[in-house]
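Topology and contacts: notes
If you want the building blocks of each chain, they are given just below.
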Amino acid sequence: MKKFDNKYNDIISVENLLLAWQEFLKGKKKKEDVILFQSKLMDNIFCLHDDLKNKTYRHGEYKAFKINDPKPRDIHKASVRDRLLHHAIYRILYPYFDKKFIYDSYSCRNGKGTHKVINRFRDFSRIVSKNNTKICFVLKCDIKKFFANIDHQILKEILNEYIEDKDILWLLDQIIDSFNTADATNSAMTEFVASKERGLPLGNLTSQLLVNIYMNEFDQFVKHNLKVKYYVRYADDFVVMSEDRGYLEKILEQMKEFLENNLKLQMHQNKVFIKTIYSGVDFLGWVNFPNHRVLRTSTKRRMFKSMRKNPKKETMQSYLGMLSHGNGYKLKQIIKTFHKNAN
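Quick summary incoming for the structure in this document. Everything numeric in this text was worked out from a predicted model, so none of it was measured. (Residues numbered from 1 in each chain as written. Predicted model: local features only at pLDDT ≥ 70, side-chain atom pairs only at ≥ 80, totals over all residues. Heavy atoms only, no water.)

**Digging into the overall build of the chain**
Scanning the chain from terminus to terminus reveals 14 helices and 9 strands. Looking at the chain residue by residue over its 343 residues, the buried ones come to 48%. Within the chain, counting contacts between residues at least 6 apart in sequence, those at least 24 apart form 69% of the total. Counting only carbon and sulfur atoms, one obtains 49% of the accessible surface of the chain, whose full area is about 17900 Å². (Helix = DSSP H or I, 4+ residues; strand = E, 2+ residues; numbered from the N terminus. Buried < 20%, exposed > 50% of the residue type's maximum accessible area, 1.4 Å probe, protein only. Contact = heavy atoms within 4.5 Å. Areas by Shrake-Rupley, 256 points an atom, 1.4 Å probe, with all protein chains shown as cover.)

**A word on empty space enclosed by the protein**
Applying the stated criterion across every chain, the model contains 1 cavity of 30 Å³ or more. The space that makes up the largest cavity amounts to roughly 30 Å³. Lining the largest cavity are Ile89, Leu93, Leu172, Thr206, Leu209 and Leu210. Put simply, the parts of the chain that give the lining of the largest cavity at least two residues each are α5 (80–98) and α10 (205–225). Here the lining of the largest cavity gets 3 residues from one element, more than from any other, and that element is α10. (1 Å grid on protein atoms, 1.4 Å probe; cavity = no way out; pocket = protein on both sides within 12 Å on 5 of 7 lines; lining within 4 Å. Points joined across faces, edges and corners; volume = space filled by probe spheres on them.)

**Observations regarding helix α11 (residues 245–262)**
The end-to-end C-alpha distance of α11 is 26 Å, a good match for the 26 Å that 18 residues give at a rise of 1.5 Å each. Every buried residue of α11 is accounted for by Leu248, Ile251, Leu252, Met255, Phe258 and Leu259. Projected down its long axis, α11 shows its buried positions confined to an angular sector of 135°, all on one face. Residues of α11 that are exposed and point more than 90 degrees away from the buried face comprise Lys250 and Asn261. On the buried face of α11, the contacting elements are β3 (137–142), α10, β5 (237–242) and β6 (273–276). If you check the start of α11, you find a side-chain oxygen 2.9 Å away from the backbone N of glycine 246, and it comes from aspartate 244. With its phi angle positive at about 55°, lysine 264 sits one or two positions after the end of α11. (Expected span 1.5 Å × (residues − 1). Arc of directions from axis to C-beta. Polar contact = N/O pair within 3.5 Å; in protein donor to acceptor, adjacent residues only side chain to side chain.)

Right, here's the structure in full:
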């Protein structure tokens, strides 16, 4: 395996920090904390560079808030200084690790995303069902409290397999150890956390890459050990398709065992099922059938709630764009009428 050959200075150089700033700045220019940081940009860049060079850098605290997307989620937002560093790390590490991932991993990757994965889902279902002439069974799985249960020690061991530069590993340790679920959540959440050194914050750009690196261990096991052909994953949602229900039941147990023993993750008992594609499979907001897909009812409700709060043309256009990836002619007409009446 070709090791990651970039050096620590490639990440912490002033040049890389400035390039990372330009990427970070997109869509944030009017934010008060960003304006404040930019008012003394070069002083802040050089100060961060010196702290990283001298290894006196320490990640700051997070600001916590909640969103509904669609279910309630706890977001933890780092300071501008720390988020700038996340971008600097990401832009150097991502190109290397992206090449290590399997083709059918679709979350937070360039050229991938939800539209690509649901199209891949459709293509696989047609292959397995032989153009809808045979039964196609779909095993749908979900991981319980995914981000909250990423084990720090396991993640660090995985990174050690790819990266030789001890300074880069030290820096990644600072990012990983800057957050743990036990401290960030209330006591009601601790049932999901076996040790304190667990969890990655949803708000970090680096978290998106780190969870893909973590789950790549599972992807490789599924593809190369279990030799599963029709498998796609988006974050903690993944499906396997087969004409044989018994086969899916067998590999489900093997996948559960690998997740628990190797990654200390558990599947969500209430969100794992095996169904036929003819009965409609709920995956990433769409209910998928052999020849069409429709929006999940809860997704439609959330969409109209959002439009009532923000009845702007841009909101309508974004939803019409989303609906172009499925079957929703009547829903499109309702949205257009809703928008017309609201204005």
